[in-house]
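Each chain, letter by letter, is given below.
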Amino acid sequence: MLRSFRNINRRDFLKFCAGTATILGLSEAAVPRIARAVGDAAKKPPVIWLEGQDCAGCTISFINTSNPGTAEIVLDTISLRYHETLMAASGYVAEKALHDTIAEGGYVLIVEGSIPKADERFVQIADVPFVKTLNKAAANAAVVIAIGACATYGGIPRGTPSNGQGVGWAMENGLVPKKPLINLSTCPVHPEHLVGTIVYYLLFAKAPPMDSVARPLMFFDKLIHDNCERRGRFDNGEFLEDWNSFEERNSCLFLKGCKGPWTYADCPTRRWNDGLNWCIGCGAGCQGCSQPEFYTGMSPLYAKTKDIAGMRIETIGALLAGATAVGLAGHFIGQAATGRLGKGGPPEEGGES
Ligand code: SF4
């Protein structure tokens, strides 16, 4: 019922397994084990992929990977029974596939998109409110993987009249049965985060170690700010103040609203679009899309929303009269940022999550 994918040759398949070992932080010795886990058709786990209040951006992000055909391999490896955007079937046949899989039980449930809190009728599919379908699908799922900002913590829809919320919120409030939940929270989901999580589950039959908001530590344990290529500029007090300035083009984007000092994700090292670039690399500040506070708690996106550790960066910048002062102040700022910023230090209120 799904679109057909091109055949993957053995060389590409092993490349995929080696790449996945890197994603999971495993050595090359793990490649044969990954190949067995991924290639063993008998273990093909059934997967249901539901879309609630979303833009399908996570689906697009996932199928857009090209090296080496990650989406094809994973989608051929798992038994994807239901996906509203990818499946060729429609109407009764599609609904039957969904309900047959739910009756079978033991599947992986992937959720993209939020749950409208204001009124369940904001999202209905086949005349059924999304939250009711999610309730049924979660009841028999082995594990639930929420992908993207919307399905994890509400994302942009949380700032709209529908008041979209994440899967964890629905579980906490009794709208959806409590199940093991993994949050992959960037906007959109990083394809390697999803592939890595699925393969981890195939290998170990359990969720990976996670942080306090259910994000896998293997992807979300480091601050963007600590690995940012512009961190040296931050420490030296070199901030971009004028978007049109050629001289300042590689300066730190903190004054332009960068949320890197409060955001946990591996974007600086993993990057996006097959490793091509990432937000800060192409001159836009981090928007904090992996954090539970995104979007409402991170806006305005292009204006500074908070001072670092209680210090006004502009004031310190104004004191930077000479090289010694630059060094001293840079050290001072860096100390404050690394020493005092920790998990749970969002810029503003996070809204309901
Ligand atoms: Fe990078 Fe943003 Fe930190 Fe500046 S504030 S160093 S641009 S993460």
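Before any of the text, the structure's been laid out above.
Residues numbered from 1 in each chain as written. Predicted model: local features only at pLDDT ≥ 70, side-chain atom pairs only at ≥ 80, totals over all residues. Heavy atoms only, no water.

Asks: Which parts of the structure should I look at to understand the site of the ligand?
Replies: Surrounding the ligand, one finds 13 residues, the nearest of these being His225, Cys228, Cys252, Leu253 and Cys258. Taking a 2 Å distance to the grid points as the criterion, the majority of the atoms of the ligand fall inside the largest cavity. Listing elements by their share of the shell around the ligand, those giving two or more residues are α11 (224-227) and α12 (231-235). When its residues are assigned to classes, the shell around the ligand shows nine nonpolar, two polar and two charged. (Near = heavy atom within 4 Å. 1 Å grid on protein atoms, 1.4 Å probe; cavity = no way out; pocket = protein on both sides within 12 Å on 5 of 7 lines; lining within 4 Å. Sits in = over half its atoms within 2 Å of the grid points. Helix = DSSP H or I, 4+ residues; strand = E, 2+ residues; numbered from the N terminus. Nonpolar A, V, L, I, M, F, W, Y, C, P; charged D, E, K, R; others polar.)

Asks: What exactly am I supposed to notice about empty space enclosed by the protein here?
Replies: A probe matching the size of a water molecule, rolled over the atoms, marks out where space remains unfilled. Applying the stated criterion to the full structure yields three cavities of 30 Å³ or more. What lines the largest cavity is a set of 13 residues, among which His225, Cys228, Cys252, Leu253 and Cys258 lie closest to the centre. Across the lining of the largest cavity, the residue classes break down as nine nonpolar, two polar and two charged. Put simply, the second largest cavity is a space of about 50 Å³. Along the walls of the second largest cavity sit Leu50, Tyr82, Glu84, Glu95, Leu98, Ile125, Ala126, Phe130 and Thr133, which together make up its complete lining. Elements supplying a minimum of two residues to the lining of the second largest cavity: α5 (91-104) and α6 (130-139). (Points joined across faces, edges and corners; volume = space filled by probe spheres on them.)

Asks: Honestly, the pairing of strand β7 (residues 141-147) in this entry has me stumped. Any pointers?
Replies: When you tally the buried positions in β7, you get six out of seven residues, the bulk of the element. As paired elements, strand β3 (residues 107-112) and β7 share six bridges and run parallel to each other. In the strand pairing of β7, Val111 is matched with Ala146. When β7 meets strand β9 (residues 181-184), the two strands line up parallel, connected through four bridges. Bridge assignment links Val144 to a residue of β9, and that residue is Leu181. (Buried < 20%, exposed > 50% of the residue type's maximum accessible area, 1.4 Å probe, protein only. Pairing = 2+ DSSP bridges.)

Asks: Is there a simple way to think about the nonpolar core in this case?
Replies: Ranked by size, the top nonpolar core spans 42 residues in total, and within it Ile110, Ile145, Ile147, Leu184, Leu194 and Ile280 carry the most contacts. Considering each element in turn, this core owes the most residues, six residues, to helix α9 (residues 191-204). For this core, the domains that each give at least three residues are domain 1 (5-208) and domain 2 (224-337). If we ignore the near neighbours within four places in the chain, the residues touching Ile145 are Val108, Leu109, Ile110, Val111, Ile182, Leu184, Leu194, Thr197 and Ile198. Counting 28 residues, the second-largest nonpolar core is a separate cluster that includes Ile102, Leu109, Val111 and Val176. (Core = buried A, V, L, I, M, F, W, Y, C linked by side-chain atoms within 4.5 Å. Domains from an automatic or database assignment. Contact = heavy atoms within 4.5 Å.)

Asks: What am I meant to see in the pairing of strand β1 (residues 46-51) here?
Replies: Looking along a regular strand, one sees side chains alternate from face to face of the sheet. Burial of β1 is extensive: six of the six residues sit out of reach of the surface. Across the two faces of β1 the burial is the same, with Pro46, Ile48 and Leu50 and Val47, Trp49 and Glu51 all buried. Where β1 lies against strand β2 (residues 79-83), four bridges are found, and the strand directions are parallel. When the sheet's bridge partners are listed, Ile48 is paired in β2 with Tyr82. Two elements, β1 and β3, share five bridges in a ladder whose sense is parallel. Pairing of Val47 across the sheet is with Val108, part of β3.

Asks: Explain the layout of surface pockets here, please?
Replies: For the largest pocket, the calculated volume is near 500 Å³. Around the largest pocket, the lining is made up of 29 residues, and of these Cys187, Pro188, His190, Trp272 and Cys279 lie nearest the centre. Listed by contribution, the elements that provide at least two residues to the lining of the largest pocket are α9 and α13 (267-270). Split into classes, the residues belonging to the lining of the largest pocket amount to 14 nonpolar, 11 polar and four charged.

Asks: Sorry, what's going on with the sheet that holds β3 here?
Replies: In space, the five strands of this open sheet follow the order β2-β1-β3-β7-β9, with parallel pairing throughout. In this open sheet, the two strands that pair with only one neighbour each are β2 and β9. Strand after strand, the sheet turns through a mean of 20° between neighbouring axes, direction not considered. (Axes fitted to C-alpha atoms, helices over the stretch in contact; angles between N-to-C directions.)

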